[in-house]
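Examining the three-dimensional arrangement
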Amino acid sequence: MTKIDEKDRHILRVLARDGRISNLDLADRVSLSPSACLRRVQSLEAAGVIAGYRAVLNPAAMGVGFTALVTVGLNEHSKAAQAAFEAAMVRAPEVRECHNITGNVEYILRVEVADLTSYKEFHTDKLGALPQVATIQTHVLMASPKDDRA
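What you are looking at is a predicted structure, and each value in this text was computed from that prediction instead of being measured. (Residues numbered from 1 in each chain as written. Predicted model: local features only at pLDDT ≥ 70, side-chain atom pairs only at ≥ 80, totals over all residues. Heavy atoms only, no water.)

**Quick notes on the layout of surface pockets**
Put simply, the largest pocket is a space of about 610 Å³. In terms of lining residues, the largest pocket is bounded by 25 residues, among which Leu57, Pro59, Arg110, Glu112 and Arg149 are the most central. Counting residues per element, the ones that place at least two in the lining of the largest pocket are β1 (66–74), β2 (95–100) and β3 (107–113). Across the lining of the largest pocket, the residue classes tally to 13 nonpolar, four polar and eight charged. (1 Å grid on protein atoms, 1.4 Å probe; cavity = no way out; pocket = protein on both sides within 12 Å on 5 of 7 lines; lining within 4 Å. Points joined across faces, edges and corners; volume = space filled by probe spheres on them. Helix = DSSP H or I, 4+ residues; strand = E, 2+ residues; numbered from the N terminus. Nonpolar A, V, L, I, M, F, W, Y, C, P; charged D, E, K, R; others polar.)

**Some words on the sheet that holds β3**
On the basis of which strands lie adjacent, the open sheet formed by four strands has the order β2-β3-β1-β4 and antiparallel pairing. Either end of the sheet is taken by a strand with one partner, and the two such strands are β2 and β4 (133–140). The sheet shows a mean angle of 20 degrees between the axes of neighbouring strands, direction not considered. (Pairing = 2+ DSSP bridges. Axes fitted to C-alpha atoms, helices over the stretch in contact; angles between N-to-C directions.)

**Looking at the packing of aromatic side chains**
A complete count under the given rule lists three aromatic pairs for this structure. What links up through ring pairs into an aromatic cluster is the set Phe66, Tyr119 and Phe122. (Phe/Tyr/Trp six-rings, centres within 6.5 Å; stacked < 30°, edge-to-face > 60°.)

**Side note on the pattern of salt bridges**
Going through the model one piece at a time under the given rule, you end up with seven salt bridges. Of the charged contacts, one joins Lys146 and Asp148 as a salt bridge, the two residues approaching to 3.7 Å between their closest N and O atoms. Under the relative-accessibility criterion, Lys146 is labelled exposed at 66%. Linked by salt bridges that have partners in common, Asp5, Asp8 and Arg40 make up one network. (Salt bridge = Lys/Arg side-chain N within 4 Å of Asp/Glu carboxyl O. Buried < 20%, exposed > 50% of the residue type's maximum accessible area, 1.4 Å probe, protein only.)

**Some thoughts on helix α3 (residues 34–46)**
Here α3 spans 18 Å end to end across 13 residues, near enough to the 18 Å set by a 1.5 Å rise per residue. Burial in α3 covers these residues: Ala36, Cys37, Val41 and Leu44. All buried residues of α3 project into a common sector of 135 degrees when viewed along the axis, lining one side. Counted as exposed and oriented over 90 degrees from the buried face of α3: Arg39 and Ala46. Check the buried side of α3 and you find it contacts α1 (6–17) and α2 (23–29). (Expected span 1.5 Å × (residues − 1). Arc of directions from axis to C-beta. Contact = heavy atoms within 4.5 Å.)

**So, the nonpolar core**
The biggest cluster of nonpolar side chains holds 19 residues, and the ones touching the most others in it are Val72, Phe85, Leu109 and Leu127. Those elements that place two or more of their residues in this core are β1, α4 (79–91), β3 and α5 (116–127). Tallying contributions element by element places β1 first for this core, with five residues. With residues near it in sequence (within four places) discarded, Phe85 still touches Val72, Leu74, Cys98, Tyr107, Leu109, Leu127, Leu130, Gln132 and Val133. Counting eleven residues, the second largest nonpolar core, distinct from the first, contains Ile11, Leu15, Val30 and Val41. (Core = buried A, V, L, I, M, F, W, Y, C linked by side-chain atoms within 4.5 Å.)

**Description of the packing of α1 against α3**
Two elements in contact, α1 and α3, have axes separated by 11 Å at closest approach and are oriented at 80 degrees. Comparing their axes, α3 and α1 come out roughly perpendicular. Facing Lys7, Asp8, Ile11, Leu12 and Leu15 of α1, the residues of α3 in contact are Arg40, Val41 and Leu44. Among the residues forming the contact of α1 with α3, the class breakdown is five nonpolar, no polar and three charged. (Parallel < 35°, antiparallel > 145°, perpendicular 65-115°, else oblique.)

Below is the structure:
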């Protein structure tokens, strides 16, 4: 495991907000020389602390007007049932995130679609049609006052 000091944490905070910042600007923001900053970033990348860089997408500009967090309970608690469900979620473009969780259900999904009609189609024709699914509970997102996902 890589030892991360406060300077590394500062670099990571800045990169999490703006992964396209130039090394020169990053070095200035974290009070390092450009060469020292670059060495630290490369070290964090090599250690796997920085796993990659992503674009932050604007859902509305992409035609997404309906977002829901959906909990899913499976009817069978086997590796095969989980694998089949997870494979179906990987193939579903509406599912932006799929997390295996603890508690009274097995999964929580982040589903993004154009509108309620599109969600009903996904809920009924895709998610509800899977033989592994026993329960579905939908939580419609009304607002996201904090969202640090990149």
